[in-house]
Structures are given as structure tokens and as C-alpha cells.
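# Residue-level structural notes
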Amino acid sequence: MKISREDVLRVAELAYLDLSEGELETYRAQIDEILEYIGKLNELDTANVQPMAQVLSDDQTADATLREDLIVPCAVAEDVLKHAPDPEPPYFRVPKVIER
Amino acid sequence: MRIAANWTIDGVREALGAKKISARELVADFYKRIDARNAELNAYLTLSPERARRQTDRVDALVAEGKPLPPLAGVPVAIKDVISTRGIKTTCGSKILENYFPPYDATAVERLEAAGAVILGKTNCDEFAMGSSNENSAYGPVKNPLAPDRVPGGSSGGSAAVVAAGLAVASLGTDTGGSIRQPGSFCGIPAMMGSYGRVSRYGLIAFASSLDRIGPFATKVKDVASILQVIAGRDPNDSTSTTAPVPNYRAELEKPVKGLRLAIPKEYFGEGMDAGVRQKIEAGIEIFKKLGCQLVDIRMPHTDYAIATYYIIATAEASSNLARYDGVRYGLRVDNDSLLAMYRKTRGAGFGAEVKRRIVLGTYVLSAGYYDAYYLKGQKVRSLIAQDFRDAFTKVDAILTPTSPVPPFKLGERTDDPLQMYLADIYTVTGSLAGVPGISVPCGKIDGKLPVGLQIFGAPFGEARVLQLAHAFEQAGGATV
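These lines cover the structure that appears in this document, whether it is placed above or below. Chains are numbered independently. Their residues run from 1 in the order of the written sequence. Naming scheme: in the order in which they are written, chains are lettered from A and ligands are numbered from 1. Selection of residues for local features in this predicted model requires a pLDDT of at least 70, selection of side-chain atom pairs for listing and counting requires 80 or more, and totals for whole chains, interfaces and linings are taken over all residues.

## Some remarks on the environment of Lys32(B)
All names here are of chain B.
- The numbering of helices and of strands both runs from the N terminus, where a helix is a DSSP run of H or I of at least 4 residues and a strand a run of E of at least 2. Its place among the elements puts Lys32 in helix H2 (residues 23–41).
- A count of 10 C-beta atoms within 10 Å places Lys32 in the exposed class.
- For Lys32 and Gly93, which are 61 residues apart along the polypeptide, the C-alpha to C-alpha distance reads 24 Å. Backbone-placed C-beta atoms define the burial measure: a residue is buried with 20 or more other C-beta atoms within 10 Å of its own, exposed with 12 or fewer, and partly exposed in between.

Structure below.
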């Protein structure tokens, strides 16, 4: 077994994700099977291989695409707040975070 | 007046220019057909008739004034529901964004409208583009218009279905591991993913940022080229969109393909491929031979590791990207007195099963103690897969493969086994990881019924070559092999 019930609980906690008892066991079993399959990557010796984090080569990004740091108008606040779950313009309201 | 259903972009331009029809009448006719078929197909989630009306008024004014028409003037298009449209509901196929109205347009949408296209509405898809059958949508599955008991493919199933059913002339989808090409294959239409960096991702609601790409569906390769022409190119709002020049794709289409070298990689023709698919793809390859292309047997030795690599990298990036859905700024909130419990309950209630499964897997492969064994390992194997493509393109001009190992499968047939569903993407994820462009072009129908797609990969920023080959194949009767 690659992944335990405790692992799934820990990861769900890290991801702020409520899972029911049923989901917990279903996902554990399914992810276990997927991790078993992923294990085939260990057939490859990658000791001298560089990890690839993104596709584009250096000349296609970084200097080629950095822009000047300019202030541009972006008047969307009203629109954004209109559809927020609990707006208190110009703020989003959330449950109390700090106890006095 | 009776209005034909099978419009092309050129056909729309000619009809408008000759005043045979107005943009308003054309779009009204499309909405009539959508009304008649959408309840059955479930392909559109939201229609945008007011916005369409404003655009048809603009186009019809240009015609009335005798002004030149922009390249997509009056062309009715549909947009996958993971692409932002200002003021038009954009759900990502998820309950968590059931009432989300983006405050801005994606760059691709803005460019389509600036070119005269008329947005009819938003199309159904797997939740956050995670799926290969469109069965992971919180708003129900889409039916394949060619075979209603079958899936349309996914995740861009709605965008493929509306074009195949004549409910839009073209559409935009997104492709992370095959989500444009596979539904294109399943619905029997050409569908293209440009190189990573070719089309701006600004306004595309992120699933896996190093893989996500926006691209077109249409009924003809020429129309795919016309749409790509408009949406491609540098956008200051996406730092990964490149400054590489955009060639005139339409002008390149008619160039002869004789003498081009095409790779047939052995690894894409192994076990697991449906016999009917194999027969059609082999017949398709014969067409390229007749066109004078030179076929070259090559090896791409890391192909078999692509699904494992993809499901590490895509889920890791997804777990990070989807952290933003916390009930604070937009979308669903499940109230609770505690902030942390509010996050947990909102996410637990708002996300569907596949999304939760991928968040758990992605968080796991990034977590302390497992990062090196999974995420770092996946990034290293991604290098090897990209190297396979670089090696291949030193020898050949393009690579031919099947798009999917199987024809469209039945609704519900694969939903219980996530790993089996993931393996449906076996021929498409390689190109996603490597960042190369790819198209799926119709390659016959099994028993005259179930469509097969042939995939053509090109070198990075070699979209013109890919389109040229696909067009030649289509012209030579590829769709009816």
C-alpha cells in the first residue's frame, strides 16, 4: 500500500478540503492504484537529468517578455465585489479570524 | 428563406458581403437550432444573446456602410466555460463557480470579437477541465452529436459537440493533456492545440499552468487556421506568451507536402489500441504516402512514461492553482463561524469527485517527504519526454499518431475507474508535456459511425507545417478513409 488513510487525512488538511468518510476511503484506494502505476517512473535512471519546470527556452521568456512596471487603470473593484459571497465594499467580509 | 446549417468562415464572409443574409439573421438562425438541440446534447451551459446582438449590430453596420469586414466578421462562435467572458457567467463546469461573472475578457475572446466573431455562449466541459469524457461536469454530461449514447470526449466536450452539431461555426477549447484534440477526434472535427506560448492564457481559468493552452475547433482545417491566426501572438498580460512571429497560416496551407518527412513512432502503435482505430490510422498514413510524403520509423522511448509523469505534474499544479477557491472573494461560500472551517466546508461542498481526487494527489506529490520521489522525479522524466521530441525533429518534419487509442466510448462506461480514464490520454499527453503543437484531424469512421482522429505533432512554433499537412490530408479525403 502506497498511501494510508492517515496520509489522505493529512493531505486533505493541508489542502483545506473536507472529505466524508466514504470519500476518504474511495480516494485512498484510487490514489493508491494511481501511485502504484506512477511507480513505473523508477525504472528510469534520472540521476543526471535536469528537471523541467516549464516549456519555453530562456530566449523565449524572461528578458524577452519582461515588461516595464507601469501603473495602468483597472477599475473592476465594484464589479468584483458585486458578485462576492459577503461583500462590505470596499472589503470582503470573512468570519472573525483573531479572538480578542 | 431556408438557411443552410454547414457554414464555414469563408461562407459567412461571402454571404454577408453579398448581402444574402445579415449577421443578425444568421445568428438568430443559430440560436433557433440551439433551442432545438441543446436540451438533448447539453453542450451549451449559458447563452449570451445580448452580447451577440451588440456584435451583430456592429457587423451589420459595417456591411451597410460598405466598409471592409474583419477576418471573422459575423462568424458565430462558442467559448469553453473555463475561459473568462466579461459579464457572462463562467462556471468551469463546477458548482464552486455556479454564480461567477468574470470582470474581464480573456485575451483570446477579446481578439475573436475584435476580429468580428459573434459569441453565442459558453460550452459545457469537465469540471476545471479535468476529464476525458465530459462526465465530470457538475452540470451533467454532453452527448456526442454523432452517436448520442457515447461521450463527446473531454474536457472540451461541449466545444467539440456544438461545432460537430452545427450549433456554432467554430469554438475555443482548452488542452492540458488532450482536452482539445481528443474531443475533436471523438466528434469527427479538426481541433488544434498550438505550441505552449503561442496563444495567450490570460483569462483562461488555470488548471495546470505549465500545460494549459487555448485552441480552436472548426469543421475544416482552413477555419482552424483562421481562428488560430486571430488568437495567436504575444500578449503583455501573459508573460509566457512569446514574441515569436505569427506566420500567415492561411497562406501556408496550400503549400505542397510532397517530400516532407513524417515520423511513425513505434511506441504509439502498441497494444491497447482498438483494432478499428488501427485500421483507420493505417489507411490515413497511406494517404500521406500517396501525397508523396516520406514515412520514417522512429523510436520515442519515453512515451510509455508520459501518463505517469503527466498525472504528477498536472495534479501538483492543479492543487496549487485551485487553492484560490476559498469562499472569500468569489463563488460558493459555505458559512461557518470559523474561517478555516469555512474554507474546508466550502471546498468540500463546491468541488466534485475528480477535482477533489486530483487536489489530494497533487498535494501529496508536493508534500514534505514525497516531493523528490514524485514531483521532482516527474519533472526529470518530463525532460526526457521533451528530449524524445527534440531528437525526432532533427530527423523529421512532423510526427503522425492516433489521437486516441479508442473510439468514443459509451456514457458511464469508464467513470468508476479513474486510472482507466487517464489512460485514454496516452497519445496526447506527450505533446502536452513537451510543449509542441498538435492537431487532431478526422480520419474516417469505424463502421461508418464512430469517428477516428489522426494526430499530427509539429516542432515548437511549427503550427504552419501542422496545418499544411492536416489541410492536405483533408483535401485528399482523409475524413472518409
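## Examining the packing of helix H10 (residues 306–321) of chain B against helix H12 (residues 353–366) of chain B
All names here are of chain B.
- Their axes nearest at 7 Å, the elements H10 and H12 cross at an angle of 100°. Relative to H12, H10 is oriented roughly perpendicular. Counted together, Ile312, Thr315, Ala316, Ala318 and Ser319 of H10 and Arg358, Ile359, Leu361, Gly362, Thr363, Val365 and Leu366 of H12 form the full contact between these two elements.
- All residues other than Ala, Val, Leu, Ile, Met, Phe, Trp, Tyr, Cys, Pro, Asp, Glu, Lys and Arg, Gly among them, are scored as polar; the first ten of these are nonpolar and the last four charged. Looking at side-chain class alone, the contact of H10 with H12 contains 7 nonpolar, 4 polar and 1 charged residues. In this description, a line fitted to the C-alpha atoms serves as the axis of each element, helices being fitted only across the stretch in contact, and the angle between N-to-C directions of two axes falls anywhere from 0 to 180 degrees. Note on angle classes: values under 35 degrees are labelled roughly parallel, values over 145 roughly antiparallel, values of 65 to 115 roughly perpendicular, and the remainder oblique. Our contact criterion uses C-beta atoms placed from the backbone: two residues qualify when those atoms are within 7 Å.

## As for helix H9 (residues 275–290) of chain B
All names here are of chain B.
- For a helix, the expected span equals 1.5 Å multiplied by the number of residues minus one. In a regular helix each residue adds 1.5 Å, so 16 residues correspond to 22 Å; H9 covers 23 Å between its end C-alpha atoms and thus fits that length.
- Among the residues of H9, Val277, Lys280, Ile281, Gly284 and Phe288 are the ones counted as buried. Down the axis of H9, the sector holding all buried residues measures 100°, keeping them to one side. Turned more than 90 degrees away from the buried face of H9 sit Ala275, Glu286, Lys289 and Lys290, all of them exposed.
- Against strand S7 (261–265), strand S8 (294–298), strand S9 (398–402), strand S10 (438–446), strand S11 (450–458) and helix H16 (463–475) lie the buried residues of H9.
- One or two steps after H9, the chain reaches Gly292, where phi turns positive at roughly 90°. Here, the arc refers to the directions that run from the helix axis to the C-beta atoms.

## Structural notes on the pairing of strand S2 (residues 76–80) of chain B
Residue and element names in this part refer to chain B.
- Across the 5 residues of S2, 5 count as buried, placing the element largely inside the fold.
- Taking the sense of rotation as the criterion, the β-α-β connection linking S2, helix H4 (residues 107–114) and strand S3 (residues 118–123) turns out right-handed.
- Across 3 bridges, the pairing between S2 and strand S4 (residues 170–175) is parallel. Bridging from a neighbouring strand, Ile79 pairs with Leu172 of S4. Crossovers are described as right-handed under a simple rule: with the strands pointing away from the observer, the path leading from the first strand over the helix to the second runs clockwise. Here a strand pair is declared whenever DSSP counts at least two bridges between the two strands.

## A few points about the interface of chain A and chain B
- If you look at the interface, chain A gives 47 residues, while chain B gives 58 residues.
- Only helix H1 (5–14), helix H2 (21–38) and helix H3 (77–82) of chain A provide two or more residues apiece to the side of chain A that touches chain B.
- For the side of chain A that touches chain B, the residue count by class is 31 nonpolar, 8 polar and 8 charged.

## Some points on unusual backbone geometry
- Following Pro89(A), the chain continues to Pro90(A) via a peptide bond in cis, the omega torsion being 0°.
- Mapping Pro90(A) onto the fold places it in the loop between strand S1 (87–88) and strand S2 (91–92).
- Here Gly154(B) and Ser155(B) are connected by a cis peptide whose omega angle stands at 5°.
- Along the chain, Ser155(B) falls in the loop between S3 and helix H5 (157–164).
- The phi dihedral of Asn134(B) falls on the positive side, at around 70°, and the residue is not glycine.
- By the secondary structure assignment, Asn134(B) is in the loop between S3 and H5.

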